[in-house]
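# A closer look at the structure
Residues per chain are reported as follows:
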Amino acid sequence: MNFRIISFKGMDKSFISSLIFYLLISCNSTKLKTFEYPDPVDTSSRIINYQDKKTYTINDVVFADNQFDGARLNDFIQINDSTFQVTILPENEPINQSPHFAFRIWAKQAQTIYLKLNYPTSEHRYVPKLSKNGEQWRPIDSLNYRLIDSAKNALIKLNLENTKLWVAAQELKTSAEAINWSKQIANHKDVRFISIGKSKLKRDLVGLDIYSGDPKGKDVIVVLSRQHPPEVTGYLAMQSFVEELLKEHRLQKDFRNKYRVLVFPLLNPDGVDLGHWRHNAGGIDLNRDWAYYLQEEVKTIVNYIVSKVSKSKNKVILGLDFHSTQEDLYYSFSDNMHSSIYPFKDYWIRAIDDAIPNYTPDDQPFPLGSPISKGWFYKQFNAESLTYEIGDETPRDFIKLKAEVAAREMMKLLILR
Ligand SMILES: [Zn+2]
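Residues numbered from 1 in each chain as written. Predicted model: local features only at pLDDT ≥ 70, side-chain atom pairs only at ≥ 80, totals over all residues. Heavy atoms only, no water.

Glancing now at the coordination of the zinc ion. Those donors, His228 (ND1), Glu231 (OE), Glu231 (OE) and His323 (ND1), are the protein atoms that reach the zinc ion, and they lie 2.1 to 2.5 Å from it. All donor residues of the zinc ion come from one chain, and their arrangement in sequence is H-x2-E-x91-H. Across the pair, exposure class does not vary: His228 and Glu231 are buried alike. (Donors = N, O, S within 2.8 Å, 3.2 Å for Na, K, Ca; no water. Buried < 20%, exposed > 50% of the residue type's maximum accessible area, 1.4 Å probe, protein only.)

See below:
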């Protein structure tokens, strides 16, 4: 602020103090703030355990390995003639029950084996997916898969060959895949590939900046994904959602002309490539760090968003964070929280409901508790925000269909504003 006190000579004192107060408030609204929450979480870094990256060999006959990004395999042993066991451990504890596994297994000569998925500290969650090449995946046949030990562990039947069979909790989507996808999306004329910084272990944090024409003054929608490594179905939904925004129809063109979308497809590249169950390389759940930004990934993203929107005089109106859980649902704000576009969410959920026969969105409002991204959008920008949750085993074609519908209905509503 570059005014001289002398120019206020003769002005009413209370007018001057309200003016100064107003200027302070308007400066503050473009600065990154820190926030208190009812349920604070200490997100200082903690130690994580790294896997031994190796090929396990049993009698020079059966082999398993974890020597690829996204792998998780902590031990491999033989139990009896036909039964083997993989042990799966988390990066650190306490941690929620999302035991991600990913390994390759093969044999010198073709043979059928039983493989126990053993989780000493957790319970089985994901239906195993199989692949011959790490690219195309299919869920295991239900006849070859059952829960054992009171549903704590699982037993699967596999036909091994002398070529590697990939077995994983979810389709493998590494940080390299996220970067390749982003670069490919950025071939669109309205998309800019952005490199925003590095993770704790110096992996690239990337994003997409989507709009047509001049970014100045456009209201902003922020899209986040993959704070939690195994949450691949949320990531697939995010990809289909973003791809829908870029189609060459009237709706999409009008939308890109009026709005700007910042997309951060992979917030936790270290956790993803290290095959983590939930945390980043700092041993922390990133979706609890949106108050004081102690972790590199969250700190980099929030600083980027705030500086970008402040530079172009944008206003963030909506934040969408894509995750996975057991069932499809939306975590939204409770009714007493009115964002700047309230009640957008109610119209949006209803529109998605109307557009998809035989599907009713499960809207689960809850008040601010711990420092998650949803609360940050509201506190920092008074923006609307939703956690878009997809079930672990939701059919992949339905994930795509629903994300496309959600994107179209969002665009229709926002264009009418
Ligand atoms: Zn999550």
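Turning next to the nonpolar core. One recurring pattern in soluble globular proteins is that nonpolar side chains are buried together. Of all hydrophobic cores here, the largest spans 46 residues; its most connected members are Phe241 and Met410. One finds Tyr56, Ile58, Ile140 and Leu158 within the second-largest nonpolar core, a separate group that totals 30 residues. (Core = buried A, V, L, I, M, F, W, Y, C linked by side-chain atoms within 4.5 Å.)

Residues Val62 and Ala64 of strand β2 (residues 62-65) are buried on one face, and the alternating residues Phe63 and Asp65, pointing to the opposite face, are buried as well. With 4 bridges connecting them, strand β1 (residues 55-58) and β2 associate as antiparallel partners. The partner of Tyr56 across the bridge, within β2, is Ala64. Between β1 and β2, which follow one another and run antiparallel, lie 3 residues, and Asn59 among them has a positive phi close to 55°. Where β2 and strand β5 (residues 102-107) come together, 4 bridges link them in antiparallel fashion. Bridged to Val62 within β5 is Ala107. (Helix = DSSP H or I, 4+ residues; strand = E, 2+ residues; numbered from the N terminus. Pairing = 2+ DSSP bridges.)

In the structure shown here, the tally under the stated rule is 29 salt bridges. In this structure, the salt-bridge partner of Glu161 is Lys132, at a minimum N-O distance of 3.7 Å. With Glu161 in the loop between β10 (153-160) and β11 (165-168) and Lys132 in the loop between β7 (129-131) and β8 (138-139), the pair connects residues that are 29 residues apart, well separated along the chain. Classification of Glu161 by relative accessible area gives partly exposed; the value is 37%. In this structure, Arg396 and Glu171 form a salt bridge, with 2.8 Å as the shortest nitrogen-oxygen distance. Here Arg396 is found in helix α9 (residues 396-415), whereas its partner Glu171 is found in the loop between β11 and α2 (175-185), with 225 residues between them in sequence. A residue is classified by how much of its surface remains accessible, and Glu171, at 13% relative accessible area, is buried. Connected via shared salt-bridge partners are Glu244, Lys247, Lys400, Glu404 and Arg408. (Salt bridge = Lys/Arg side-chain N within 4 Å of Asp/Glu carboxyl O.)

Turning next to the layout of surface pockets. Counted as a void, the largest pocket has a volume near 440 Å³. Around the largest pocket, the lining comprises 18 residues; the ones closest to its centre are Glu135, Lys173, Glu177, Leu236 and Gln239. Along the lines of polarity and charge, the residues of the lining of the largest pocket split into 6 nonpolar, 5 polar and 7 charged. (1 Å grid on protein atoms, 1.4 Å probe; cavity = no way out; pocket = protein on both sides within 12 Å on 5 of 7 lines; lining within 4 Å. Points joined across faces, edges and corners; volume = space filled by probe spheres on them. Nonpolar A, V, L, I, M, F, W, Y, C, P; charged D, E, K, R; others polar.)

With that settled, consider the sheet that holds strand β4 (residues 83-87). Pairing is mixed across the open sheet formed by 5 strands, whose spatial order is β3-β4-β6-β10-β9. Where the open sheet ends on each side, the last strands, each with one partner, are β3 (75-78) and β9 (145-148). Sheet twist, expressed as the average angle between the axes of neighbouring strands with direction ignored, equals 25°. For β4 and strand β6 (residues 111-118), the ladder comprises 5 bridges, and the chain directions are parallel. Looking across to β6, one finds that Thr87 is bridged to Asn118. (Axes fitted to C-alpha atoms, helices over the stretch in contact; angles between N-to-C directions.)

The next thing to look at is the side chain of Ser131. Examined against the element boundaries, Ser131 turns out to sit in strand β7. On the basis of relative accessible area, Ser131 is assigned to the buried category, the value being 3%. Reaching out from Ser131, the side chain makes a polar contact with the backbone nitrogen of Gly134 at a distance of 2.7 Å. In this structure Ser131 touches Gln136, Trp137, Lys164, Leu165 and Trp166, once residues within four positions along its chain are discounted. (Polar contact = N/O pair within 3.5 Å; in protein donor to acceptor, adjacent residues only side chain to side chain. Contact = heavy atoms within 4.5 Å.)

Moving on, we come to the pairing of β6. Pairing of β6 with β10, which is carried by 7 bridges, proceeds in the antiparallel orientation. Directly across from Lys116, in β10, lies its bridge partner Leu155.

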